[in-house]
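Spelled out from the first residue to the last, the chains are:
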Amino acid sequence: MATIDAKVTLSPDAGLAPQASAGTNPPKTVSPQEELLMPPAPSRLKLWLHKWLLPIILPIALLIAWDLAVRFSGTMLVPSPKEVALMLWDFMFGGIYDDAFSQTLWVHWIKSVERVYLGFGLAVLIGIPLGLVIGKNTTARRFIDPTLQMLRPIPVTAWLPLSMIFFGVGPNAAVFLVFLGAVFPIVINTTFGVRSVEPRLFEAAAMLGCGGAQMFRQVVLPAAMPSIFNGLRLGHGIAWFLIVVGEMTGVPQGLGAAIMDGRMLSRTDVVMAGMIVIGLTGFITDRILVSLNNHFLKWSPQHNV
């Protein structure tokens, strides 16, 4: 009769055979049937294709469809991808059209980046603490949340005239509009993250003597971090979305201002070049947020992007 320490090892040849262990577990064996059921490890080439080639297939297909649509329709209102590429080059380095837009991309880009991240930074500084308080404190939630939900559906474009009255014609109004668009998703997602924390975590932390600020730092904040990062990514995308609206407030420089000037002059190539620059900048900075998300949430692989 086997002792308590006996271990049972599955052997494809000998069936079930109890073996006494001397403090160490015997290696687990895998039957040939299980090996057949296990999927083969993907090759390096397959991993490389999946990581780098797959994401660019759709953009290339859209470029081809865009070019074919312009060619077959014969429209003069929408430029071809080649014309937009030439405009982008002239926008950056000049030497093609030599007009008012030549070699001005960097000035416009820097101004827009300053306004976007000033407004987004203010939204982060206000939105995350406010969401933590609303999510944790019932009194604060009942006091603040109804007003927040009433203001949230109002389109940011409706605030455009008031922003020019409050802050004057210039960049401050643009920063305010970016802040207004980014702060709501940050507050709401942070609140949701805090309210989603399981009560058992609070009970377990209280039993271990954790309370007050320590409870927030070691229990609430880590558990709410996935929702906070979702709010940051949503708010960040909306911030770049609204920079065009914000720079309609009379600022002379900025990607939104360049797009509006291109619209007034019927320069669709300038409009589309500005759109591409905004899209690429937003994508690259979103990848930075994704990297931060994966770094701070490495303890939770299901929340890695």
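The structure presented is a predicted model; accordingly, all values stated were derived computationally and were not measured.

Draft legend 1. Quick peek at the overall build of the protein chain. Each helix and strand counted, the protein chain has 11 helices and two strands in total. Secondary structure elements of the protein chain occur, N-terminal to C-terminal, as β-β-α-α-α-α-α-α-α-α-α-α-α. Of the contacts formed within the protein chain by residues at least 6 apart in sequence, a portion of 61% connects residues at least 24 apart. Of the accessible surface of the protein chain, which amounts to about 19,400 Å², a share of 69% is contributed by carbon and sulfur atoms.

Draft legend 2. Layout of the packing of helix 7 (residues 171-195) against helix 9 (residues 213-246). It is the contact of helix 7 with helix 9, at a shortest axis distance of 7 Å, that shows an interaxial angle of 160°. Comparing their axes, helix 9 and helix 7 come out roughly antiparallel. Handedness of the helix 7/helix 9 crossing: right-handed. Class assignment of the residues belonging to the contact of helix 7 with helix 9 gives a composition of 18 nonpolar, nine polar and no charged.

Draft legend 3. Looking closely at the nonpolar core. With 52 residues, the main nonpolar core has Phe91, Leu177 and Leu232 as its most contacted residues. Residue assignment for this core shows that the elements contributing at least two residues are helix 3 (81-93), helix 4 (105-136), helix 7, helix 8 (199-207), helix 9, helix 10 (255-264) and helix 11 (268-296). A per-element tally of this core places helix 9 first, with 13 residues. Dropping the residues within four chain positions of it, Phe91 is found in contact with Phe101, Ser102, Gln103, Thr104, Leu105, His108, Ala258 and Ala273.

Draft legend 4. Representation of a nonpolar patch on the surface within the structure. Side chains of Leu45, Trp48, Leu49, Trp52, Leu53, Leu54, Ile56, Ile57, Ile60, Ile64, Leu68 and Phe72 sit close together on the surface and give an oily, nonpolar patch of about 1,200 Å² of accessible area. Counting through the fold element by element, Leu49 comes out in helix 2 (residues 44-73). Accessibility expressed as a relative area gives 33% for Leu49, which makes it partly exposed.

Draft legend 5. How the structure looks around the pattern of salt bridges. Applying the stated criterion to the full structure yields seven salt bridges. Notably, a salt bridge pairs Arg267 with Asp99, separated by 2.9 Å at the nearest N-O pair. Separated by 168 residues along the polypeptide, Arg267 in the loop between helix 10 and helix 11 and Asp99 in the loop between helix 3 and helix 4 bring together distant segments of the chain. Given the relative accessible area of 27%, Asp99 is considered partly exposed. Here Arg200 makes a salt bridge to Glu198, at a shortest N to O gap of 2.7 Å. Take Arg200: its relative accessible area is 59%, and that puts it in the exposed class. Residue Glu198 is classed as partly exposed on the basis of its relative accessible area of 40%. Here the residues in one salt-bridge network are Asp99, Arg267 and Asp269, joined through shared partners.

Draft legend 6. Molecular detail of the packing of aromatic side chains. One pass over the structure, following the stated rule, counts seven aromatic pairs. With centroids separated by 6.4 Å and ring planes inclined at 85°, the aromatic side chains of Tyr117 and Phe120 adopt a geometry described as edge-to-face. You can see Tyr117 and its partner Phe120 sitting in helix 4, three residues apart, about one turn around the helix. Assessed through its relative accessible area of 28%, Tyr117 is described here as partly exposed. Overall, Phe120 belongs to the buried group, its relative accessible area being 9%. Taken together, the ring pairs connect Trp159, Phe166, Phe167 and Phe176 into an aromatic cluster. In this structure, Arg267 packs its charged tip against the face of Tyr97, placed 5.7 Å from the ring centre.

About the criteria used
Residues numbered from 1 in each chain as written. Predicted model: local features only at pLDDT ≥ 70, side-chain atom pairs only at ≥ 80, totals over all residues. Heavy atoms only, no water. Helix = DSSP H or I, 4+ residues; strand = E, 2+ residues; numbered from the N terminus. Contact = heavy atoms within 4.5 Å. Areas by Shrake-Rupley, 256 points an atom, 1.4 Å probe, with all protein chains shown as cover. Axes fitted to C-alpha atoms, helices over the stretch in contact; angles between N-to-C directions. Parallel < 35°, antiparallel > 145°, perpendicular 65-115°, else oblique. Left-handed = near helix turned anticlockwise from the far one by under 90°. Nonpolar A, V, L, I, M, F, W, Y, C, P; charged D, E, K, R; others polar. Core = buried A, V, L, I, M, F, W, Y, C linked by side-chain atoms within 4.5 Å. Buried < 20%, exposed > 50% of the residue type's maximum accessible area, 1.4 Å probe, protein only. Patch = residues over 30% accessible without salt bridge, like charges linked within 9 Å, V, L, I, M, F, W, Y side chains within 5 Å. Salt bridge = Lys/Arg side-chain N within 4 Å of Asp/Glu carboxyl O. Phe/Tyr/Trp six-rings, centres within 6.5 Å; stacked < 30°, edge-to-face > 60°. Lys NZ or Arg CZ within 6 Å of the ring centre and 35° of its normal.

That's the geometry; what it means functionally is another story.
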